[in-house]
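Coordinate analysis (summary)
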Amino acid sequence: MSTPEPPFAPPDIPHAPQKAAAVLVLTLLAIVAFVLFVLDARGVFERNQRLVLIADSAEGVGVGSNLTFSGFVIGRVVRVELGEDGKALFHIDVPVGEARWLRSSSVFTLERGVVGGASLRAFSGMLDDPSLPDDARREVLVGDAAAGLPQLVVGIQQLVANLERLTAEQSALSASLDNLRQFSAALNGRYGALSALLGGEQNARQVVAALERANTLLAKADARLFDPDGLSDQARLSLDELTKLLAEVRTSLGKADAILGDAQAIAANARIASSDLDALRNDVEATLRRVNVLTGQLNQKWPFATERELKLP
Amino acid sequence: MTLTAALSPSCYDRPTRHGLAAMFCLGAWQMLPGYLLGCVLVGTVLTHVVAVTSASYGLSHLALEAVVRVLVLELLPLAAALFVALRLAPLTMQRLARPPGAPPPGYRALLPYVIGSAGTVLVLAVLGGIGALAVAYVVVHGLSQWALADYARLIGQVFDPATAIVLTFKLLAFAIVVGLVPASVALESDQSDPLPRQMRVMAYLLALLILIEVALLILPRL
């Protein structure tokens, strides 16, 4: 005969105490193991060395932030405080096992990215240097990627404003483009670049007409100058005649000079009477020299003269 | 008074212990496999989604921390409380409903329901959370052992003292609410229609759970 179930009692489950005990023990073990795991992960069971880093600002760094060396976490910020000098002090616990990476010559940096929090990094170039002592205080070099953002934003705003001004409908660039389009259209027109340069087809037409007239004129001038019996040949013939005439004059004058010399010698005793003849001779010689000079000039002025040399008697 | 009785060892006589063990079996023992399976599945999907999304933004180093904070600290405790409420609260209300004119049960009779439900919430939340932590590691790092140190450091970073205290308080609050609220039907004398009363109690329970969740999300940041 089974005992009646008391009122308000839960339903009966076979082996309930054993099952409940198993679940409870399992849960308690899990809780204890997890708590120990978390405490160990937080470094409670490790011997730590304290390091104090000094920075201008604690922005981005909080309790629990990591100190990394070569990308590996070697320490954790356990306290952040404001120093007497207004600087931020990061108290960092570094496990003794990891402290070997920190040397007296180590450099510490605080880098703030655009996304995410700040990161504390340690750099030890000389691993043979003495170890960093406990409770060491070091300054932090700050590299802030976001610090330049406001300046960048201002620059971008100015750039956008300039672009808007440049691309506005009434802007100088728009007017220049209109002019360029007109110039391009003129280039593609009937008179091409000439029409574009002179500002219209009318002017270009006049220039073309002027050029045609100039060509005609040049053809006529060429015909008159360089055709057979043209001005050039006539000028050459005239020059030849002039040269011959001058040569004859020079000969005649030479003869007159000889006659005068003879007359001067014959009438030496009548010097007084022939003094006028001396003056006359001097005049004739002067005239002869001027004729010679004139001949030389003519030879220089007419490059087709073949004989440049002039011999005086 | 029920809570006071729960803290008194003298209240745990043999029938009470037996009833408590039965409630534990009904809750924790029977629900644990299904709940753990659900945690593993949800944890796998959520971790994968967060890991892939964060990797696409170049923030994969934040994926595990996000999963731990969202899943283990927020979602799974609430899910455990809701699971237990759906499974044990109807049973509790049904067993504690008294016929018209009958005297209310003593506090000792309430203890198996209150402590059984509350303990089940704690068991499921703790084991489900630990399971989700393991699943998140496996999803992100595979079965490699070399990321264990970083993962341990991350968990240690997430479970700082303040967070641990808030989580503990949240679990205890969920457990107390899930244990006490269904048992409150035993104190009501109006036994006309049990169904609307049970629905009202369930709605009240759900509102309290959400209120606790929201309050513990906001209060630590004030």
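Numbers given to residues run from 1 along each chain, matching the order in which its sequence is written. Here the convention is simple: chains get letters from A, ligands get numbers from 1, in the order in which they are written. Thresholds applied to this predicted model are a pLDDT of at least 70 for local features of residues and 80 or more for the giving and counting of side-chain atom pairs; totals over whole chains, interfaces and linings are not thresholded and use all residues. Note that water and hydrogens are dropped before the side-chain values are worked out from all heavy atoms of the structure.

Our next topic: the overall build of chain A. A count of helices and strands for chain A gives 7 helices and 7 strands. Strands here mean DSSP runs of E at least two residues long; helices mean DSSP runs of H or I at least four residues long; both are numbered from the N terminus. Ordering the α and β elements of chain A from the N terminus gives α-β-β-β-β-β-β-β-α-α-α-α-α-α. Exposure classes here rest on a 1.4 Å probe applied to the protein chains alone. A residue is buried below 20% of its type maximum, exposed above 50%, and partly exposed in between. Out of the 313 residues belonging to chain A, those deemed buried represent 24%. Only heavy atoms enter the contact rule, under which two residues are in contact if any of them lie within 4.5 Å. Of all intrachain contacts in chain A linking residues separated by at least 6 positions in sequence, the fraction that spans at least 24 positions is 56%. In the structure as shown, chain A presents an accessible area of about 21,400 Å², 60% of it carried by carbon and sulfur atoms. Accessibility throughout is a Shrake-Rupley quantity obtained with a 1.4 Å probe, and a residue counts as covered only by protein chains that appear here.

Put simply, buried Ala, Val, Leu, Ile, Met, Phe, Trp, Tyr and Cys residues joined by side-chain atoms within 4.5 Å make one nonpolar core. B:Tyr151, B:Phe159, B:Val178, B:Leu205 and B:Leu209 are the most contacted members of the largest nonpolar core, which totals 71 residues. Among the secondary structure elements, those contributing two or more residues to this core are α1 (16–41) of chain A together with α2 (14–56), α3 (63–96), α4 (107–141), α5 (148–158), α6 (161–183) and α7 (194–218) of chain B. A per-element tally of this core places α3(B) first, with 17 residues. Apart from the residues lying within four places of it in its own chain, the contact partners of B:Leu205 are B:Ala85, B:Ala89, B:Val177, B:Val178, B:Val181 and B:Pro182.

What follows concerns the packing of aromatic side chains. All names here are of chain B. A pair of aromatic rings is counted whenever rings of Phe, Tyr or Trp (Trp by its six-membered ring) have centres within 6.5 Å, and the orientation is called stacked for planes under 30 degrees apart, edge-to-face for over 60 and tilted otherwise. In this structure the tally under the stated criterion is 4 aromatic pairs over all chains. Seen from their ring centres, Tyr 35 and Phe 83 are 5.1 Å apart, and the 75° between their planes marks the pair as edge-to-face. With Tyr 35 in helix α2 and Phe 83 in helix α3, this pair connects stretches of sequence that are 48 residues apart. Residue class for Tyr 35 comes out buried when judged on its relative accessible area of 2%. Overall, Phe 83 belongs to the partly exposed group, its relative accessible area being 41%. With 5.1 Å between their ring centres and 45° between their planes, Tyr 137 and Tyr 151 make a pair best called tilted. Of the two residues, Tyr 137 is situated in helix α4 and Tyr 151 in helix α5; the sequence distance between them amounts to 14 residues. This pair shows no difference in class: Tyr 137 is buried, exactly as Tyr 151 is.

Counting through the fold element by element, B:Ser54 comes out in helix α2. Contact partners of B:Ser54, with chain neighbours within four places excluded, come to B:Leu59, B:Ser60 and B:Ala63.

What follows deals with the interface of chain A and chain B. Counting residues at the interface gives 29 residues for chain A and 35 residues for chain B. With both sides pooled, the region where chain A packs onto chain B buries about 2,700 Å², and carbon together with sulfur makes up 77% of that total. Definition of a polar contact: a pair of N or O atoms within 3.5 Å, with one able to donate and the other able to accept a hydrogen when the atoms are protein atoms, and with sequence-neighbouring residues admitted only if both atoms are side-chain atoms. Counting across the interface, chain A meets chain B through 2 residue pairs in polar contact (both at pLDDT 80 or more). Secondary-structure elements contributing two or more residues to the side of chain A that touches chain B are α1 and β3 (72–82) of chain A. Looking at which element gives the most residues to the side of chain A that touches chain B, the answer is α1(A), with 15 residues. Grouping the amino acids of the side of chain A that touches chain B by side-chain chemistry returns 20 nonpolar, 4 polar and 5 charged. When two parts are brought into contact, each loses some accessible area as probed by a 1.4 Å sphere; the total of that loss over both is the buried area. All amino acids are sorted into three groups, where Ala, Val, Leu, Ile, Met, Phe, Trp, Tyr, Cys and Pro are nonpolar, Asp, Glu, Lys and Arg are charged, and the leftover types, Gly among them, are polar.

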